[in-house]
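The primary structure of each chain is shown beneath.
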Amino acid sequence: MAQNKFRGLGIALITPFKGDGSIDFNALNQLVEYQIKGGADFLCIMGTTAETPTLSSKEKALLREHLVERVAGRVPILMGCGGNCTADVVHTLQETDLTGIDGILSVCPYYNKPSQEGLYQHFAAVSRACKVPVVLYNVPGRTGVNMTAETTLRLARDFDNIVAIKEASGNITQMDDIIKNKPANFDVISGDDGITFPLITLGAVGVISVIGNALPYEFSRMVRLAIKGEYGTSLTIHHKFTELFKLLFVDGNPAGVKAMLSEMGMIENVLRLPLVPTRLTTMKQISSIVRELGY
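Residues numbered from 1 in each chain as written. Predicted model: local features only at pLDDT ≥ 70, side-chain atom pairs only at ≥ 80, totals over all residues. Heavy atoms only, no water.

Caption draft 1: Local environment of the side chain of Gln 174. Summarising the element assignment, Gln 174 is placed in helix 7 (residues 172-181). Here the side chain of Gln 174 touches Glu 167 through a polar contact of 2.9 Å, side chain to side chain. Filtering out sequence-adjacent residues up to four positions away, Gln 174 remains in contact with Asn 138, Asn 146, Met 147, Thr 148, Ala 149, Glu 167 and Ser 169. (Helix = DSSP H or I, 4+ residues; strand = E, 2+ residues; numbered from the N terminus. Polar contact = N/O pair within 3.5 Å; in protein donor to acceptor, adjacent residues only side chain to side chain. Contact = heavy atoms within 4.5 Å.)

Caption draft 2: Empty space enclosed by the protein, seen in detail. Counted under the stated rule, the structure contains 1 cavity of 30 Å³ or more. Its boundaries defined by the atoms lining it, the largest cavity holds a volume of some 30 Å³. Lining the largest cavity, in full, are Leu 13, Ile 14, Thr 15, Leu 28, Ile 45, Met 46, Ala 50, Leu 63 and Leu 67. Looking at side-chain class alone, the lining of the largest cavity contains 8 nonpolar, 1 polar and no charged residues. (1 Å grid on protein atoms, 1.4 Å probe; cavity = no way out; pocket = protein on both sides within 12 Å on 5 of 7 lines; lining within 4 Å. Points joined across faces, edges and corners; volume = space filled by probe spheres on them. Nonpolar A, V, L, I, M, F, W, Y, C, P; charged D, E, K, R; others polar.)

Caption draft 3: Focus on the packing of helix 9 (residues 216-227) against helix 10 (residues 231-240). At a closest axis distance of 8 Å, the pairing of helix 9 and helix 10 adopts a crossing angle of 150 degrees. The angle between helix 9 and helix 10 places the two elements in the roughly antiparallel class. Here helix 9 and helix 10 pass one another in a crossing that is left-handed. Along its contact with helix 9, which presents Glu 218, Arg 221, Met 222, Leu 225 and Ala 226, the element helix 10 presents Tyr 231, Thr 233, Ser 234, Ile 237 and His 238. Its residues placed into classes, the contact of helix 9 with helix 10 shows 5 nonpolar, 3 polar and 2 charged. (Axes fitted to C-alpha atoms, helices over the stretch in contact; angles between N-to-C directions. Parallel < 35°, antiparallel > 145°, perpendicular 65-115°, else oblique. Left-handed = near helix turned anticlockwise from the far one by under 90°.)

Caption draft 4: Looking closely at the side chain of Thr 278. Mapped onto the elements, Thr 278 comes out in the loop between helix 12 (255-263) and helix 13 (280-293). In this structure, Thr 278 is in contact with Asp 251, Ala 255, Gly 256, Ala 259 and Met 283, ignoring residues within four places of it in sequence.

Caption draft 5: Summary view of the pattern of salt bridges. Throughout the structure, instances matching the rule amount to 12 salt bridges. Here Arg 74 and Glu 33 are joined by a salt bridge, their closest N and O atoms 2.7 Å apart. Residue Arg 74 is found in the loop between helix 2 (57-71) and strand 3 (77-80), and its partner Glu 33 is found in helix 1 (residues 25-38); the two are separated by 41 residues along the sequence. Take Arg 74: its relative accessible area is 41%, and that puts it in the partly exposed class. You can call Glu 33 partly exposed: its relative accessible area is 27%. A salt bridge links Asp 41 to Arg 224, with the nearest nitrogen and oxygen atoms 2.9 Å apart. You can see Asp 41 sitting in the loop between helix 1 and strand 2 (42-45) and its partner Arg 224 sitting in helix 9, a full 183 residues away along the chain. Residue Arg 224 is classed as partly exposed on the basis of its relative accessible area, which comes to 35%. What emerges from the salt-bridge pattern is a single network uniting Arg 7, Lys 182 and Asp 187. (Salt bridge = Lys/Arg side-chain N within 4 Å of Asp/Glu carboxyl O. Buried < 20%, exposed > 50% of the residue type's maximum accessible area, 1.4 Å probe, protein only.)

Take a look at the structure:
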């Protein structure tokens, strides 16, 4: 039976680009070291925050190979692998070299708006094709469809290699229902920085974080304290981030966190279309917070 290695602070790793739009592997190396030194428990690569839809197949392969080599087994790697054509996802899983990859994060099919039975059958096919553990990803704000607690629990019970769900539905009642009724070998991971603290108090085991790209030390401390049940100190740290949670997403993700990392001198503030950098007003607010934090 597969075990969930993805607990604590997971980083939804960005893809830094140079001014000419190419991948900045030097900046990426520095980010990886910064995350691991800062307390990241695992890295989530090639997800939404990595601007994966704008990467070519060749770039995805290079990125995967480079990150596996750089991380060198120091923390688990969760790799995004999803889509809205089940056959394509299955083919990718069967053909991709997953050496050094500890699990895959697979998003609900987007745009098609499948039924709950369609979602179940899609992830059943993904589970059967995958050689490593699977983490489901429910994010209806992006996909246009919500996977219900009932469907999530059905998948968790029917497939041993489906080990967790990244829940970003925003529906605390739904998440609590999953936590309450899940099998012992299945976990809930927060997919939203802003609700990570309350979700851990309900029984979630961690977060796949955007803000952690910039503030891994501070955010990992909050997560660890909450998991240990030291809610008072953890809540204090959570409240320090309240304004930043909003700022980092007001102009879309990863525009906010890339702006912050740029202000910290770690990357160039470059995104690939159709994404663009944050507005000047947002940038000024982020810059002010970076200075207050002492970076």
